[in-house]
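In case you want the letters, here they are:
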Amino acid sequence: MSKAVVDLVRSGDVRAAARLMRDLDDGIPAAQRTLRKIYKHTGRAFILGITGAPGAGKSTLVDAVVTEFRAQGKTVGVVAIDPTSPYSGGAILGDRIRMQRHYLDDGVFIKSLATRGHLGGLSRSTIDVVNVMDAMGKDIVIIETVGVGQDEVEIVKVAHTNLVVVVPGLGDDIQAIKAGILEIADIFVVNKADREGADRTRRDLETMVSLNEYEENEWVPPVLPTEAVSGKGVHGLVEMVERHRAHVFIDGNIERFRREKATVELFEMLKIRLLEKAVGDLERHGLLDGLVADIAARRKDPYSIVEKVVNHSFAANLIG
Amino acid sequence: MATVAAVKKKPTPSRKTERKVRILIGKPGLDGHDRGAKIIARALRDAGFEIIYTGLHQTPEMIVTAALQEDVDGIGLSILSGAHNHLLPRIVELLKEKDMGDVVVFGGGIIPDDDIPKLKRKGVDRVFTPGTTLKEIVDYVRENVHPRA
Ligand code: B12
Ligand SMILES: Nc1nc2c(ncn2[C@@H]2O[C@H](COP(=O)(O)OP(=O)(O)O)[C@@H](O)[C@H]2O)c(=O)[nH]1
Ligand SMILES: [Mg+2]
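In every chain, residue numbers begin from 1 and rise along the written sequence. Following the order in which they are written, the chains are lettered starting with A and the ligands numbered starting with 1. With pLDDT at 70 or above as the cut-off, local features in this predicted model cover only qualifying residues; side-chain atom pairs require 80 or more to be listed or tallied, and sums for whole chains, interfaces and linings still use all residues. Note that the side-chain values use all heavy atoms of the structure and ignore hydrogens as well as water.

A word on the overall build of chain B
Under the DSSP-based scheme used, a helix requires at least four consecutive residues in state H or I and a strand at least two consecutive residues in state E, with every element numbered from the N terminus. Along chain B, the regular secondary structure elements total six helices and five strands. Helices and strands in chain B line up, N terminus first, as α-β-α-β-α-β-α-β-α-β-α. Split into buried and exposed, the 149 residues of chain B put 52% on the buried side. Any two residues having at least one pair of non-hydrogen atoms within 4.5 Å are treated as being in contact. The contacts of chain B with a sequence gap of at least 6 include a subset with a gap of at least 24, amounting to 71%. Only the protein chains shown count as cover for residues, and all accessible areas are computed by the Shrake-Rupley method using a 1.4 Å probe. Of the accessible surface of chain B, which amounts to about 7,100 Å², a share of 55% is contributed by carbon and sulfur atoms. Each residue is placed in one exposure class: buried if its accessible area under a 1.4 Å probe, protein chains only, is under 20% of its type's maximum, exposed if it is over 50%, and partly exposed if it falls in between.

Focus on the interface of chain A and chain B
One widely used convention gives an interface's size as the accessible area the parts lose upon coming together. Taken residue by residue, the interface counts 44 residues in chain A and 44 residues in chain B. Put simply, buried area is how much 1.4 Å-probe accessible surface two parts lose in total, over both of them, once they are put together. Carbon and sulfur atoms make up 48% of the area that chain A and chain B hide from each other, which totals about 3,900 Å². Salt bridges are defined as contacts in which a side-chain nitrogen from Lys or Arg sits within 4 Å of a carboxyl oxygen from Asp or Glu. At the junction of chain A and chain B, the tally comes to seven salt bridges. A salt bridge links A:Asp26 to B:Arg19; the nearest nitrogen and oxygen atoms lie 2.5 Å apart. A 3.5 Å cut-off defines polar contacts: any pair of N or O atoms within that distance qualifies, except that in protein one atom must be a possible hydrogen donor and the other a possible acceptor, and neighbouring residues in sequence count only when both atoms are side-chain atoms. Counting every contact that joins chain A to chain B gives 28 residue pairs in polar contact (both at pLDDT 80 or more). Where the side of chain A that touches chain B is concerned, the elements lending two or more residues are helix H2 (14-25), helix H3 (29-38), strand E3 (91-93), strand E4 (108-114), helix H10 (251-284) and helix H11 (288-296) of chain A. Strand pairing is defined by DSSP finding a minimum of two bridges between the two strands. Pairing of E3(A) with strand E2 (residues 50-58) of chain B involves three bridges; the strand directions are parallel. Within the sheet, the bridge partner assigned to A:Ile92 lies in E2(B) and is B:Ile51.

Quick look at the site of ligand 2
Residue and element names in this part refer to chain A. Within the structure, ligand 2 sits among 16 residues, and Gly55, Lys58, Thr60, Arg98 and Asp194 are positioned closest to it. Within the contact set of ligand 2, an oxygen atom lies 2.8 Å away from a backbone nitrogen or oxygen of lysine 58. For ligand 2, an oxygen atom lies 2.5 Å from a polar atom in the side chain of threonine 60. Protein chains shield 76% of the accessible area of ligand 2, which is 580 Å² for the free molecule. In these notes, residues near a molecule or strand are those with any non-hydrogen atom within 4 Å of it.

Looking at the environment of A:Asp301
Residue and element names in this part refer to chain A. Relative to the assigned elements, aspartate 301 resides in the loop between H11 and helix H12 (302-319). According to the relative accessible area criterion, aspartate 301 is partly exposed, its value standing at 31%. Taking the C-alpha atoms as reference points, aspartate 301 and leucine 291, 10 residues apart in sequence, are found 9.3 Å from one another. At 2.4 Å, the side chain of aspartate 301 forms a polar contact with the side chain of serine 304.

A closer look at the coordination of the magnesium ion (ligand 3)
All names here are of chain A. Coordination of the magnesium ion (ligand 3) by the protein comes from Ser59 (OG), Asp95 (OD) and Glu144 (OE), over a distance range of 2.1 to 2.2 Å. Read N to C, the donor residues that coordinate the magnesium ion (ligand 3) are spaced as S-x35-D-x48-E. Placement of the pair is aspartate 95 in the loop between E3 and E4 and glutamate 144 in strand E5 (residues 140-144), with a sequence separation of 49 residues. Taking relative accessible area as the criterion, aspartate 95 reaches 7% and is therefore assigned buried. In this analysis a donor is any N, O or S atom within 2.8 Å of a metal ion (3.2 Å for sodium, potassium and calcium), and since water is not included, sites may seem incomplete.

Here we look at the coordination of the cobalt atom of ligand 1
Just one protein atom coordinates the cobalt atom of ligand 1, and that atom is B:His33 (NE2), at 2.2 Å. Relative to the helices and strands, B:His33 resides in the loop between strand E1 (22-28) and helix H2 (35-46).

Details of the site of ligand 1
Residues and elements named next belong to chain B. In the vicinity of ligand 1 lie 25 residues, with Gly32, His33, Ser78, Leu80 and Thr132 positioned nearest. Side-chain polar atom of aspartate 34 to a nitrogen atom of ligand 1: 2.8 Å apart, as the coordinates give it. With respect to ligand 1, the backbone of glycine 109 contributes an N or O atom lying 3.1 Å from an oxygen atom. Secondary structure elements with two or more residues in the shell around ligand 1: H2, strand E3 (74-79) and strand E4 (104-109). In this classification, Asp, Glu, Lys and Arg are treated as charged, Ala, Val, Leu, Ile, Met, Phe, Trp, Tyr, Cys and Pro as nonpolar, and every other residue, Gly included, as polar. When its residues are assigned to classes, the shell around ligand 1 shows nine nonpolar, 13 polar and three charged.

Focus on the pairing of strand E7 (residues 187-190) of chain A
Residue and element names in this part refer to chain A. Of the two faces of E7, the one holding Ile187 and Val189 and the one holding Phe188 and Val190 are both buried throughout. Alignment of strand E6 (residues 161-166) against E7, held across four bridges, turns out to be parallel. Residue pairing in the sheet places valine 165 in a bridge with valine 189 of E7. Strand direction decides the pairing type here: E7 and strand E8 (residues 223-225), joined by three bridges, are parallel. Within E8, the position partnered with valine 190 by the bridge is proline 225. This β-α-β element, E7 to helix H8 (residues 198-210) to E8, shows right-handed connectivity. Seen with the strands pointing away from the viewer, any crossover whose path from the first strand over the helix to the second strand runs clockwise is right-handed.

Remarks on the sheet that holds E4(A)
Residues and elements named next belong to chain A. Strand order in the open sheet made by the seven strands is E4-E2-E5-E1-E6-E7-E8, with parallel pairing throughout. Since the sheet does not close on itself, it has two edges, and those belong to E4 and E8, each with one partner. Neighbour-to-neighbour, the strand axes of the sheet open up by a mean angle of 20°, direction not taken into account. Think of each axis as a best-fit line through the C-alpha atoms, taken over the contacting stretch in the case of a helix, with angles from 0 to 180 degrees between the N-to-C directions. Where helix H4 (residues 58-71) meets the sheet, its contacts fall on strand E1 (46-52), strand E2 (76-82), E4, E5, E6 and E7, and the angle it forms with E5 comes to roughly 170°.

A word on the domain arrangement of chain A
Residue and element names in this part refer to chain A. An automatic or database domain assignment provides the domain bounds reported here. Segmentation of chain A into domains returns domain 1 (1-41), domain 2 (42-249) and domain 3 (262-319). A separation of 26 Å is found between the C-alpha centroids of domain 1 and domain 2. With 19 residues of domain 1 in contact, the opposing surface of domain 2 contributes 17 residues. At the boundary of domain 1 with domain 2, total buried surface from both sides reaches about 1,500 Å², with 61% on carbon and sulfur atoms. In terms of surface lost to domain 2, no three residues of domain 1 exceed Met21, Asp25 and His41, which account for 43% of the buried area on that side. Joining domain 1 to domain 2, the criterion identifies two salt bridges. Broken down by element, the residue count for the side of domain 1 that touches domain 2 peaks at eight residues, all from H2.

The structure is reproduced here in structure tokens:
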């Protein structure tokens with residue numbers, strides 16, 4: 001059964017791929033088993049991350065960038081992430097609205113995902129879904145993050161090239177976002193360049209970049225203005241993306257990138273599975289509620305309990 | 001306050017299996033009346049559904065392609081232009097062609113009562129006209145749209 005799915009996905013079958021992505025998003029175990037078989041067929045696609053505050057024009061920019069890539073004859077997958085409401089667990093995924101002209105293009109596959117409580121700008125399924133698109137044979141996979149700002153470090157390890165989209169008129173906010181954002185951006189995009197203050201924002205960013213020290217041969221993030229709505233500046237942006245890509249795919253760089261990415265994949269999966277296993281073990285032995293009560297009443301401390309759980313739950317299994 | 005039960009139900013980013021109902025809300029045709037569609041999208045989000053909102057001016061082909069890629073369980077369509085008799089059945093037909101006949105198609109807008117039985121016969125599950133409360137609509141979706149096999 002899953003062999004058939006693997007073949008279908010690899011042949012680019014939209015229905016099979018869409019279902020597999022959904023199953024991965026929903027955490028269906030069979031889908032994860034399929035993914036194990038698909039993994040070896042991934043690693044071909046070029047992955048482009050786009051992050052920036054809500055309303056900065058990320059989706060519009062994705063639309064324009066897709067147009068450029070399609071003109072080059074490349075096939076594209078888009079993974080667009082929007083936040084889940086913490087109150088209802090529901091979500092409105094509206095990134096597609098900006099990408100309508102690509103709906104009927106067979107060479108473009110768009111998937112909208114909700115964060116479902118995951119932090120860091122992606123959904124927990126994002127890497128899996130990107131892997132499916134990669135296995136489908138998409139040349140480029142574009143990830144649009146939620147755009148909450150500070151905490152979007154996850155994307156860095158997932159995408160080969162990361163665009164950080166900024167809009168004019170941020171003023172002092174540039175100082176505020178400075179900390180995290182410098183490490184994220186391979187290319188800064190000053191979108192809505194038609195608006196007043198674009199030049200100033202661009203200069204501010206350039207100043208910020210220039211205050212950093214870079215080693216020889218290290219990539220220095222350029223700052224490019226765009227008007228995503230009209231497409232102005234987008235051709236130049238895509239050229240710059242190509243240049244960064246060439247930089248990433250230099251021997252030493254790509255080795256390092258692949259190792260970092262593998263590390264993140266491994267850690268992310270471990271984090272999730274270990275937590276599940278520990279909580280599951282405690283539950284199975286009927287210990288969880290009691291331990292929580294003990295900690296709450298200060299009869300026990302969480303430090304010793306975690307230590308015990310970790311030693312027992314995992315070490316025994318690893319050896320045994 | 002988070003109870004133990006709540007923590008167990010939502011152990012932060014976990015691999016727990018959870019089938020979420022996904023619904024596409026779209027506006028086929030050429031009219032720009034999107035208030036209704038947006039209000040419905042919000043009400044369904046607040047009821048816990050994942051809504052893919054595709055926006056205005058959609059052709060039936062665009063809606064069905066999006067539904068396929070997003071693997072939705074239901075499609076809610078808003079039409080206030082008068083073109084419902086053509087657009088809604090066409091969407092049902094295209095879904096069948098794509099082997100997605102089990103997607104529940106429903107909708108609302110300015111649709112004369114006389115047209116509703118005809119639309120139902122052509123596979124539109126339910127039509128809501130102005131004045132319907134959001135609760136009625138949410139209840140309908142809860143009862144009738146489930147994760148597809
Ligand atoms: C507001 C309005 C506008 C606004 C629209 C703003 C916007 N962004 O939506 C503006 C001023 C732009 C506008 C323009 C026009 N309008 Co106008 N407009 C209306 C009006 C007064 C209210 C519509 C509305 O927003 N209602 C509130 C929402 C919440 O109600 P609703 O959409 O009906 O949704 C409810 C149900 O129908 C149902 N529902 C609707 N969609 C869906 C979807 C799903 C999935 C579900 C489950 C349920 C559901 O549930 C909702 C809750 O009960 C109606 C008259 C009326 N009383 O309906 C005319 C009306 C729709 N407009 C009309 C017309 C003709 C026009 C114009 C062509 C020109 C004109 N004469 O003004 C232009 C065209 C604009 C365009 N580009 O298409 C006609 C349509 C005639 C027809 N279909 O036969 C109407 C009926 C007025 C009339 N009696 O002539 N309009
Ligand atoms: N003036 C102007 N508006 C833009 C530009 N790019 C996008 N927008 C608008 O900004 C709004 C938000 O765009 P969207 O792509 O949804 O932003 P996202 O939330 O970052 O994905 C939309 O109304 C776009 O039309 C631009 O270059 N100039
Ligand atoms: Mg967006």
